[in-house]
Structure formats: C-alpha cells, structure tokens
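Architecture and fold: a report
As a plain string of letters, each chain reads:
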Amino acid sequence: MDNKLMLMIPGPTPVPEPVLLAQAKHTIGHRSGEFSEIFAEVTANLKWLHQTQNDVLTLAASGTGAMEAGIINFLSAGDRVLVGSNGKFGERWGLVAEAYGLEVDWIKAEWGKPLDVSEFVSKLEADTEKTIKAVIVTHSETSSGVLNDLEAIAKVTNAHGALVIADAVTSLGATSVPVDEWGLDVVGSGSQKGYMMPPGLGFVSVSEKAWGAYEKATLPRFYFDLGKYRKSAAKDTTPYTPPVNLFFGLQVALQMMKKEGLEGIFTRHDRHRRAVRAAMVALNLPLLGADECSSPAVTAVMPSSVEAEQIRSVMKKRFDIILAGGQDHLKGKIFRMGHLGFVCDRDILNGIAALEATLMELGADGFSPGSGVAAAASQL
Ligand SMILES: *Cc1c(COP(=O)(O)O)cnc(C)c1O
C-alpha cells in the first residue's frame, strides 16, 4: 500500500508531520532578520540538547561532514591521534584522519564488543611526551548496535590533556550526552538520526579548549573552517547559504524535543531498546552485542535458522517496514532494527508483530508466535 512506509533503520529516521510541513513553507533569504531569529532559537535549543555552554555549529552536511570538520579544524599534519574502532564508523574516523595525514594509533575491538577503556588508559598513560593530540571515539556504534563507554574514555583523555572528539550521531537525542559534564571537546551529529529530521544538516559542538587548538591547527580547511561558522553564529547567521527549509524543520523538531524533555526522550529510547531486545530473545533470535553495552538507537540481530536478508526482504515486501542489513563482514549475517528518533511504543509493537509474521512465513523454527510481542509489551 502506498504511503505506509515505515523506516526502522538507524537513519534516516521517521520525520514527524509538523516538521515536514514546516519545511514546505516558502524559502526565505538567509540574510534576513526572520532567518536570524530562527537561527538564534535553534542554536539555543541545540545547546540544550547537547547539555553544553559550548558553541554548537550547524553545517550543510551529513554526519560524516560534521565529523570531518570536527577532526580537521583542531589538528595538524603528523599529529598523533588515538582512534577507537569497533565498527564501521569508528573505522571511518580513522580513515578520515589518515586521509589528512594524521598518524593514527588504532584501538580496536571486535564488532559487537565495546571498546576496552583500559587500552585507552595504557596508551594515554604511556604517552608522557604528550604526542597524542586527540582521542576520536564513536559513542553509539551503529554498525553493531554497541554503546561505547564515552564517559570513561573522555575522563582518561581529559586527565591526559588530549582533545576528546566524539561521534554522537546515534546517541544524541537518544541517550544523555552531557557535553560539559563529560568534558567532550568536539561532538559531531547529523539531522537524520536522533533529531527527527530529514538528512542534510550536521552539527558540531566545540569547547574553548578545542578553539585553542584551532588557533594552532594547520590542516587545510575552507568550507568546513569552523572559525567562520563561529564568527557568523555570533551574528545569528551562517557563512554560506544554509539549507533554509531544513532550518524551518529543525526549529519545529527541537521545539518538539523540548516539549518532551530530555528525560522523556532518554527513557523512551531506553524502553524501546529493552523492548526490542526482549522480543528478539523471546523469538530465539540471537543478539549481536551484550545488554550492558547496547545502543539506545539500534539493535543488531544475528538470526541462525533463517537468513537475515530473507527477513529484511519479507519485512519490506509484505509490510513496508525497512530494516538495515549488516555492513562489511557482517553483510548478510545480521539485520539491524532502528528505534531512533520519532518512534513510539506502537511502532515497536508493529515492528515486532510484523517480524513474527515474517518468521512464520519463512518457516523459522524455535519460537512461538505471539511471544515476541508479549515480551516487548512487558517492557513498554
Ligand atoms: C549515520 C552515522 C554517521 C553519519 O553518517 P552520514 O551518512 O554521513 O550521515 C556517523 N556515525 C554514526 C555512528 C552513524 O550512525
């Protein structure tokens, strides 16, 4: 049936109707007082979401652009950076750093396992010469559904003195990312994830300490020169033409988030995380990561009696529900169910019920129909 598509992927995520309608308004000039008013409001609300007094800058970019900006503005060629990699995104930030001539020291963990904080401790404590300039880490590793202990990694990094550069793309707007309390110098995110927005905007928060590093950093930068965004933001505008209509949407999305409140948003995501995991266990579908380090945004599942890709295919064809597949070596081995952003309890029940029907159609064994829905409902 048309117009019933349900995105259960970890981005792009569903967009509320008021946000879509706001974007349908006539475009206005970005040097107008009217735009500046919107800009000022969204910037204040972005700081609220990041729980920070730091600058939060908005770029016309996806999350990768925001992270690239967050890396290149504060470092110089040859600088040593520690990069945590336990999935596709951690790996990507190391590749960005290498592309710009940084010396990458990898801390790796298996996909599905969290990064080991003690490895950060030993590398940082051994670095008495302070050659490590930044630690780059992904909070919620979307490719495997693992939530890394960003708070602990930030703590040891702050004790060392290096910058903490964090990918919070699927944690901001899903779980608490208290930027000031944790001492996160640079935090990147993107509109199509926890913001309940279409793709197109990237966000970077920048601490005073990072601005200090910016003054000395010599990597090339132009469009993503964050100093220009900071200067313009002081005048409630952007250095270049922004996607004005996305700002209309962002204004409404952030108003909706403020109305729900941070606690409301975080408990909702936590409830959905628990409900989806309980359902998978009840359906005899093995989870990729452990409960203690599970992402609030996405759940990775490694089915054994039926193919992950068959499940995705039936879910799409029969029910118009889109699940994500696995990436790289997990391609075809896992499916990922997103529960990020504009998701309500009913969506979770729908998704699990459709998954049960899919398993029945595929002749999966080892589960009793109804058990997944019951397990999910018990958590909602
Ligand atoms: C989606 C995502 C990104 C950004 O990807 P884009 O496609 O560039 O928006 C970065 N990190 C994580 C963890 C993500 O889930």
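In this text, all values refer to a predicted model and were calculated from it rather than measured experimentally.

**Quick look at the overall build of the chain**
Across its full length, the chain carries 14 helices and 13 strands. Over its C-alpha atoms the chain spans a radius of gyration of 21 Å, differing by no more than 12% from the 21 Å that the globule rule assigns to 380 residues. Reported as C-alpha extents along the three principal axes, the dimensions of the chain are approximately 60 × 55 × 30 Å. By residue count, 57% of the 380 residues in the chain fall in the buried class. At a minimum sequence separation of 6, the contacts of the chain that also span at least 24 residues come to 72%. Working note: accessible area of the chain is about 15,100 Å², and carbon and sulfur atoms make up 53% of it. Treating the 36 positive side-chain charges of the chain as one cloud and the 43 negative ones as another, the clouds have centres 3 Å apart.

**Some words on the site of the ligand**
Around the ligand sit 14 residues in total, of which Ser 62, Thr 64, Thr 142, Asp 167 and Lys 193 are the nearest. The separation between a nitrogen atom of the ligand and a polar side-chain atom of Asp 167 is 2.6 Å. One of the side-chain N or O atoms of Gln 192 is found 2.7 Å from an oxygen atom in the ligand. Summarising the interface, the protein chains cover 87% of the accessible area of the ligand, which totals 380 Å² for the free molecule. Looking at the shell around the ligand, the elements with two or more residues in it are helix 3 (63–72) and helix 4 (88–99). Here the shell around the ligand is built from residues that sort into 3 nonpolar, 8 polar and 3 charged.

**A few points about the sheet that holds strand 11 (residues 298–301)**
If you trace the 4 strands from one edge of the open sheet to the other, you get 1-12-13-11, paired in mixed fashion. Whereas interior strands pair on both sides, the edge strands pair on one side only; in this sheet they are strand 1 (6–8) and strand 11. Pairs of neighbouring strands in the sheet enclose a mean axial angle of 30°, with direction left out of account. For strand 12 (residues 321–325) and strand 13 (residues 335–338), the ladder comprises 2 bridges, and the chain directions are antiparallel.

**What to know about the packing of aromatic side chains**
All told, the structure shown has 9 aromatic pairs when counted by the stated rule. Where Phe 35 meets Phe 247, the ring centres are 5.1 Å apart and the plane angle is 65°; that geometry is what we call edge-to-face. Linking Phe 35 in helix 2 (residues 33–50) with Phe 247 in helix 10 (residues 244–260), this pair joins segments that are 212 residues apart in sequence. Given a relative accessible area of 1%, Phe 247 falls into the buried group. Ring pairing ties together the aromatic residues Tyr 223, Phe 224, Tyr 229 and Tyr 240, which thus form one cluster. In this arrangement the basic side chain of Lys 108 is found over the ring face of Trp 106, its NZ or CZ atom lying 4.8 Å from the centre.

**Comments concerning the packing of helix 11 (residues 262–282) against helix 14 (residues 371–379)**
Contact geometry of helix 11 with helix 14 gives a least axis separation of 7 Å together with a crossing angle of 155°. With respect to their mutual orientation, helix 11 and helix 14 come out roughly antiparallel. For the crossing formed where helix 11 meets helix 14, the hand is right-handed. Of helix 14, the residues touching helix 11 (which contributes Arg 271, Arg 274, Ala 275, Ala 278, Ala 279 and Ala 282) are Ser 371, Gly 372, Ala 375, Ala 376 and Gln 379. By residue class, the composition of the contact of helix 11 with helix 14 is 6 nonpolar, 3 polar and 2 charged.

**Focus: the pairing of strand 11**
Judged by which residues are buried, strand 11 turns out to be covered on both faces: Val 298 and Ala 300 on one side and Thr 299 and Val 301 on the other are all buried. Relative to strand 13, strand 11 runs antiparallel, the two sharing 4 bridges. Considered in strand 13, the bridge of Ala 300 is made with Arg 336.

**A look at the domain arrangement of the chain**
Domains assigned within the chain are domain 1 (17–259) and domain 2 (262–377). Listed per partner, the contact involves 25 residues of domain 1 and 23 residues of domain 2. When domain 1 packs against domain 2, close to 2,000 Å² is buried across both sides, 68% of that on carbon and sulfur atoms. Contact with domain 2 buries surface across domain 1, with Trp 111, Gly 145 and Ala 174 losing the most and accounting together for 25% of the total. Taken together, the connections running from domain 1 to domain 2 amount to 1 salt bridge. With its nearest N and O atoms 3.1 Å apart, the salt bridge here joins Asp 328 to Lys 88. Summed over the shared surface of domain 1 and domain 2, the number is 5 residue pairs in polar contact (both at pLDDT 80 or more).

Parameters at a glance
Residues numbered from 1 in each chain as written. Predicted model: local features only at pLDDT ≥ 70, side-chain atom pairs only at ≥ 80, totals over all residues. Heavy atoms only, no water. Helix = DSSP H or I, 4+ residues; strand = E, 2+ residues; numbered from the N terminus. Rg over C-alpha atoms; globule rule 2.2 N^0.38 Å. Buried < 20%, exposed > 50% of the residue type's maximum accessible area, 1.4 Å probe, protein only. Contact = heavy atoms within 4.5 Å. Areas by Shrake-Rupley, 256 points an atom, 1.4 Å probe, with all protein chains shown as cover. Lys, Arg positive; Asp, Glu negative; His and termini not counted. Charge placed at Lys NZ, Arg CZ, Asp CG, Glu CD. Near = heavy atom within 4 Å. Polar contact = N/O pair within 3.5 Å; in protein donor to acceptor, adjacent residues only side chain to side chain. Nonpolar A, V, L, I, M, F, W, Y, C, P; charged D, E, K, R; others polar. Pairing = 2+ DSSP bridges. Axes fitted to C-alpha atoms, helices over the stretch in contact; angles between N-to-C directions. Phe/Tyr/Trp six-rings, centres within 6.5 Å; stacked < 30°, edge-to-face > 60°. Lys NZ or Arg CZ within 6 Å of the ring centre and 35° of its normal. Parallel < 35°, antiparallel > 145°, perpendicular 65-115°, else oblique. Left-handed = near helix turned anticlockwise from the far one by under 90°. Domains from an automatic or database assignment. Buried area = accessible area lost by both parts, 1.4 Å probe. Salt bridge = Lys/Arg side-chain N within 4 Å of Asp/Glu carboxyl O.

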